[in-house]
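Listed here are the chains, written in short residue letters.
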Amino acid sequence: MASLTNIKLIIGISDDSKDDLLNLYISRAESFVKQYCNIEELNEVQSAIVEDMTVYLYRNNGIENISSESKGSLSETYRDLIPDHLIKALNSHKRMRYI
């Protein structure tokens, strides 16, 4: 399981004021990884990916995945929901689903 302590260390949070939000992001990231990889339990490497994903989600809270923005003639560029490097890391953990 992803570690709230590790995530707070990476982000630089020393108090408990953001724990509820971080736990929500951890839960969502764990669900995504389990569904994407077709697994029921996370191993150590997958938990580290969940931590990285949680940090990414936290840092992008409020900017709604905007990577660039212009004011004149309004131009916005959006990031993907999950960064490519995290998806690539998960691809080696995907399991086939048999029907």
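Now for a description of the structure that goes with this document. Source: prediction; values computed, not measured. (Residues numbered from 1 in each chain as written. Predicted model: local features only at pLDDT ≥ 70, side-chain atom pairs only at ≥ 80, totals over all residues. Heavy atoms only, no water.)

### Some thoughts on the side chain of Glu 51
Now for step 1: The topology assignment puts Glu 51 in helix 3 (residues 44-59).
Now for step 2: Arg 59 provides the closest opposite charge to the buried, unpaired Glu 51, separated from it by 12 Å.
Now for step 3: Not counting chain neighbours up to four residues away, the residues in contact with Glu 51 comprise Ala 2, Ser 3, Asn 6 and Ile 7. (Helix = DSSP H or I, 4+ residues; strand = E, 2+ residues; numbered from the N terminus. Buried < 20%, exposed > 50% of the residue type's maximum accessible area, 1.4 Å probe, protein only. Lys, Arg positive; Asp, Glu negative; His and termini not counted. Salt bridge = Lys/Arg side-chain N within 4 Å of Asp/Glu carboxyl O. Contact = heavy atoms within 4.5 Å.)

### Describing the packing of aromatic side chains
Now for step 1: All told, the structure shown has one aromatic pair when counted by the stated rule.
Now for step 2: Ring geometry for Phe 32 versus Tyr 36: centroids 5.6 Å apart, planes at 20°, classification stacked. With a gap of four residues between them, Phe 32 and Tyr 36 both fall in helix 2 (residues 19-37), about one helical turn apart.
Now for step 3: Judged by relative accessible area, Phe 32 falls into the partly exposed class, the value being 26%. (Phe/Tyr/Trp six-rings, centres within 6.5 Å; stacked < 30°, edge-to-face > 60°.)

### A look at the packing of helix 3 against helix 4 (residues 84-91)
Now for step 1: It is at 11 Å that the axes of helix 3 and helix 4 come closest, and there the two elements cross at 165°. Put simply, helix 3 runs roughly antiparallel to helix 4. For the pair helix 3 and helix 4, the sense of crossing is left-handed. Between helix 3 and helix 4, the contacting residues are Ile 49, Asp 52 and Met 53 on the first element and Leu 86, Ala 89 and Leu 90 on the second. (Axes fitted to C-alpha atoms, helices over the stretch in contact; angles between N-to-C directions. Parallel < 35°, antiparallel > 145°, perpendicular 65-115°, else oblique. Left-handed = near helix turned anticlockwise from the far one by under 90°.)

### Structural notes on helix 1 (residues 4-11)
Now for step 1: Of all the residues in helix 1, the buried ones are Leu 4, Ile 7, Lys 8 and Ile 11. Take helix 1 and look down its axis: the buried residues cluster within an arc of 95°, on one side only. Turned more than 90 degrees away from the buried face of helix 1, the exposed residues are Thr 5 and Leu 9.
Now for step 2: Contacts made by the buried residues of helix 1 are with helix 2 and helix 3.
Now for step 3: Phi for Gly 12, located one or two positions after helix 1, is positive at around 95°. (Arc of directions from axis to C-beta.)

### Here's the deal with the nonpolar core
Now for step 1: Counting residues in hydrophobic clusters, the biggest one holds 23 residues, and the most contacted among them are Ile 11, Leu 22, Val 33, Val 50 and Met 53.
Now for step 2: Among the secondary structure elements, those contributing two or more residues to this core are helix 1, helix 2, helix 3 and helix 4.
Now for step 3: When near neighbours in sequence (up to four residues on either side) are disregarded, Val 33 contacts Ile 39, Leu 42, Gln 46, Val 50, Met 53 and Leu 90. (Core = buried A, V, L, I, M, F, W, Y, C linked by side-chain atoms within 4.5 Å.)

### Some remarks on helix 2
Now for step 1: Helix length check: helix 2 (19 residues) gives 26 Å between terminal C-alpha atoms against 27 Å at 1.5 Å per residue, within 8%.
Now for step 2: Of the residues making up helix 2, those classed as buried are Asp 19, Leu 22, Tyr 25, Ile 26, Ala 29, Glu 30, Val 33 and Cys 37. One face of helix 2 carries all of its buried residues, which in axial projection span an arc of 135°. Every exposed residue of helix 2 that faces more than 90 degrees away from the buried side is listed here: Asp 20, Arg 28 and Gln 35.
Now for step 3: Packing partners of the buried residues in helix 2 comprise helix 1, helix 3 and helix 4.
Now for step 4: One or two steps after helix 2, the chain reaches Asn 38, where phi turns positive at roughly 60°. (Expected span 1.5 Å × (residues − 1).)

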